[in-house]
Amino acid sequence: MPTLKQIITYKALILSLASCLILSACDTDLISNQSSTQQINGTDEYNLGTLYYTGENKNIEQDYSKAYEWLEKAAYKGHADAQNTVGLMYLKGVGTEKDRKQAIQWFQKSADQGHTLAQQNLDMLNGEDIVIFGDPSNASDPISLFKDIYTVALTGHKNAQTQLATMYENGIGTPQNYAKAIEWYEKAAKQGQAKAQNNLASMYFHGRGVTQDYTKSFAWYQKSAEQGYGLAQSNLGWAYYEGKGVPQNYDKALVWYQKSAEQGEAMGQNNLGWAYYEGKGVPQNYDKASEWFQKAIAQGSALARNNLIHLNREKKGLCKDSYIPNAEFASTQHAANAGDKKAQYELAAMFQDGEIVCQNDSKAAEWYTESAKQNYAKAQDSLASMYYTGTGLEQDYVKALAWYKKAVEQENAAAQYHLAVVYSEGKALPKDFTKALSLAKKSANQGFAKAQFVLGKLYSDGIDVTKNHELALKWYKKAADQGYVEAQYNLAVMYRDGRSVVQDYDKAMSFFQKAAEQEFASAQNNLGWMYQQGEGVAIDNNKALFWYKKAASQGDATAQQNLLALNSLLECEFCANTD
């Protein structure tokens, strides 16, 4: 008769099917375009299968049979996560017939590639005493799960102790308790449980439930890393890279990053990519950086995705024909190919923005055209702008006007504003400020922030209209309330100088702050000046220096001069005080 521990263990393995896509799939960003590498390793199929399995995407309904179909294709191509997941589907009989023999075969294929979870699943099916509870954050009854794990942990089982500590750390099935988490991590760590050692190190590193201690953190990271735990290897590399708990050593950092990355740890791949990006411990190499970021992104690393976006923006030529894998992009492309006009517009915008896919104006124009033909006003406006500027296709004012007018007929606010610009510039047709102003007002009244800002500026400066400070203030405020940074800055200047309004330093500070937080350099410089002069706020040279530095780093010449002057002044005051 099975023991309670064995029953809990087997139940947990079955439950892990529901959480396997969290542990090894759900965080993975979906790739839809198929490069030659992706066709070989099955990443596309794996991620599409994941979407069918979870049914969490609005464009793809949950379908276990289709999930199995795509995951199996990925598994046959050697995708380790897919192999593990297919094994679990055979074990439970989800999307396919239940088949223990097939489950073991797929677990073995995945484990042969170093997949830790597959090895654990395989070990358990082969009768080894390993507790696999899956991801407790996805348990249907976390309180009961906590009790089950607690029962096993009391027997001294190091894996259960680690899982129990995790639940205490994150407040799953029990109130969050860092002290208890530390207690149970220590029990497991002293038994050599690598994950517990890593997590205990992390607690010491961040000072959670214990006094921050980089030295102890380093020691536990090292114990875990030496056992081959990929995340700990990455963390140990980071400790060397930053000199936390150990003298800074880029060469040793790279050794551990490499170990972590080569066994498929996403954080290690990201950190190795960052080392190549910075050129620390290794010659700077943007192609290598991109390569490792891409590997981490394929596993769902948001940090690596942001790093690659940053890299692509800094080095635009690097993007080539590759793209940043992303579930949003893939699902949008899937819907666009099916003829969804909104998805076609969104896909075009992705190509135009170049954030989650390499920028490609030609493809953007193609998809805007498909959507615009279906009478989608936003796409008509965007396509018109591309024709007007000659971006992604040959400049054609006639077609630009035609598409703008179609969008305007649907009361599209952006198109109303853009057509107003066309009338004001007089390039595509004779200048007509009356029509331009009328269209701008229609756009502004619909809440289009840029139109509101422009109207504010027109009335403030008296450009082709009679100056009207009340109207200027009205439209600036409407735009500023929507976060339009230039409107926030202009309002700040008006209130600071008492220009057309009663001088109000508090309001000036508020608007400068809002604009400064959006990285608007002039606002940052002016905010620094107000702190230095004590206008509407107590004098604070440290804050003044902070904002001067931020503006100066963006190349603001006035801020650079103010920064030098304030630094010189402070140095002179120090000299005077020490004479």
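Residues numbered from 1 in each chain as written. Predicted model: local features only at pLDDT ≥ 70, side-chain atom pairs only at ≥ 80, totals over all residues. Heavy atoms only, no water.

K.L.:
What should I look at first to understand the overall build of the protein in this one?
P.N.:
Along the protein, the regular secondary structure elements total 31 helices and zero strands. Residues classed as buried in the protein amount to 49% of the 579 residues present. Here the analysis covers contacts within the protein between residues at least 6 apart in sequence; of these, 47% occur between residues at least 24 apart. With the model as given, the accessible surface of the protein reaches about 27,600 Å², and the carbon-plus-sulfur share is 47%. (Helix = DSSP H or I, 4+ residues; strand = E, 2+ residues; numbered from the N terminus. Buried < 20%, exposed > 50% of the residue type's maximum accessible area, 1.4 Å probe, protein only. Contact = heavy atoms within 4.5 Å. Areas by Shrake-Rupley, 256 points an atom, 1.4 Å probe, with all protein chains shown as cover.)

K.L.:
Would you mind going over the packing of helix 25 (residues 449–461) against helix 26 (residues 469–481) with me for this structure?
P.N.:
Relative orientation and spacing of two packed helices are given, respectively, by the angle between their axes and the distance between those axes. Orientation of helix 25 relative to helix 26, taken along the N-to-C sense of each, is 155°, at an axis distance of 7 Å. Regarding the angle of helix 25 to helix 26, the classification is roughly antiparallel. Where helix 25 crosses over helix 26, the handedness of that crossing is left-handed. Of the residues in helix 26, those in contact with A449, Q452, F453, L455, G456, K457, Y459 and S460 of helix 25 are H469, L471, A472, W475, Y476, K478 and A479. In terms of residue class, the contact of helix 25 with helix 26 is made up of nine nonpolar, four polar and two charged. (Axes fitted to C-alpha atoms, helices over the stretch in contact; angles between N-to-C directions. Parallel < 35°, antiparallel > 145°, perpendicular 65-115°, else oblique. Left-handed = near helix turned anticlockwise from the far one by under 90°. Nonpolar A, V, L, I, M, F, W, Y, C, P; charged D, E, K, R; others polar.)

K.L.:
Can you walk me through helix 6 (residues 100–112) in this structure?
P.N.:
Working note: α-helix, 3.6 residues per turn, so residues spaced by three or four point in the same direction. Compared with the 18 Å implied by 1.5 Å per residue over 13 residues, the 18 Å span of helix 6 between its first and last C-alpha is a close match. Between the side-chain oxygen at the start of helix 6 and the backbone nitrogen of Q102 there is a gap of 3.0 Å, and the oxygen is on D99. Residue G114 follows helix 6 closely and has a positive phi angle near 90°. (Expected span 1.5 Å × (residues − 1). Polar contact = N/O pair within 3.5 Å; in protein donor to acceptor, adjacent residues only side chain to side chain.)

K.L.:
Quick question: what am I supposed to make of the pattern of salt bridges here?
P.N.:
For side chains bearing opposite charge, pairing can occur when the charged atoms are close. Summed over all chains, the structure comprises nine salt bridges. The closest approach of N and O atoms between E69 and K73, which form a salt bridge, is 3.7 Å. Of this pair, E69 and K73 are both found in helix 4 (residues 64–76), four residues apart, which corresponds to roughly one turn of the helix. You can call E69 partly exposed: its relative accessible area is 37%. Residue classification places K73 among the partly exposed residues on the basis of a relative accessible area of 37%. One salt bridge in this structure joins K180 and E183, with 3.7 Å as the shortest N-O distance. (Salt bridge = Lys/Arg side-chain N within 4 Å of Asp/Glu carboxyl O.)

K.L.:
For this particular structure, what's the right way to read the nonpolar core?
P.N.:
Most often, soluble globular proteins have nonpolar side chains that are buried together. The biggest cluster of nonpolar side chains holds 52 residues, and the ones touching the most others in it are L164, Y185, L200, L236, Y240, Y257 and L272. Once residues within four sequence positions are removed from consideration, L272 is found in contact with L254, Y257, Q258, A261 and W292. Formed by 49 residues, the second largest nonpolar core is a distinct cluster that contains A343, A349, A365 and L429. (Core = buried A, V, L, I, M, F, W, Y, C linked by side-chain atoms within 4.5 Å.)

K.L.:
Where do I start with helix 4 in this structure?
P.N.:
Spanning 13 residues, helix 4 covers 18 Å between terminal C-alpha atoms, matching the ideal 18 Å at 1.5 Å per step. When we look at burial in helix 4, the residues that qualify are A67, Y68, L71, E72, A74 and A75. The arc enclosing the buried residues of helix 4, seen along the axis, measures out at 160°, which places them on a common side. A side-chain oxygen of the first residue of helix 4 lies 3.1 Å from the backbone nitrogen of S65; this N-cap is D63. Backbone geometry just downstream of helix 4 places G78 in the positive-phi region, at approximately 95°. (Arc of directions from axis to C-beta.)

K.L.:
Where do I start with the confidence of the model for the protein in this structure?
P.N.:
For the protein, the mean per-residue pLDDT works out to 83, and 84% of the residues sit at or above 70. Scored below 50 in pLDDT, residues 1–40 shows 107 contacts in the model against residues more than four places distant or in partner chains. Counted against residues more than four places away or in other chains, residues 127–132, with its pLDDT under 50, gives 20 contacts. (pLDDT = per-residue confidence, 0-100.)

K.L.:
Got a minute to help me understand the packing of aromatic side chains in this structure?
P.N.:
Aromatic rings considered in pairs are described by the distance between their centres and by the relative angle of their planes. For the coordinates displayed, the defined rule picks out 24 aromatic pairs. Ring centres 5.7 Å apart and planes at 55° place the aromatic pair Y277 and Y286 in the tilted group. A residue is classified by how much of its surface remains accessible, and Y277, at 14% relative accessible area, is buried. Chaining the aromatic ring pairs together yields one cluster made of F146, Y150, Y168 and W184. (Phe/Tyr/Trp six-rings, centres within 6.5 Å; stacked < 30°, edge-to-face > 60°.)

K.L.:
Honestly, unusual backbone geometry in this entry has me stumped. Any pointers?
P.N.:
What you tend to see is this: most non-glycine residues have negative phi, and most peptide bonds are trans. Of note in the backbone geometry, D464 takes a positive phi value of approximately 65° without being a glycine. The residue D464 is located in the loop between helix 25 and helix 26 in this model. When its relative accessible area of 59% is taken as the criterion, D464 is described as exposed. One non-glycine residue, S500, lies in the positive phi region at around 70°. Checked against the element boundaries, S500 lands in the loop between helix 27 (485–497) and helix 28 (505–516).

K.L.:
Explanation requested: the packing of helix 4 against helix 5 (residues 80–92) in the structure shown.
P.N.:
Two elements in contact, helix 4 and helix 5, have axes separated by 8 Å at closest approach and are oriented at 135°. Judged by the angle between their axes, helix 4 and helix 5 are oblique. The crossing of helix 4 and helix 5 is left-handed. Of the residues in helix 5, those in contact with Y64, A67, Y68, L71, E72, A74 and A75 of helix 4 are A82, Q83, T85, V86, M89 and Y90. Partitioning the contact of helix 4 with helix 5 into residue classes produces 10 nonpolar, two polar and one charged.

K.L.:
Explanation requested: the environment of K187 in the structure shown.
P.N.:
Tracing the backbone through its elements, the reader meets K187 in helix 10 (residues 178–190). Judged by its relative accessible area of 36%, K187 falls in the partly exposed class. With 25 residues separating them in the primary sequence, K187 and T162 have C-alpha atoms 8.3 Å apart.

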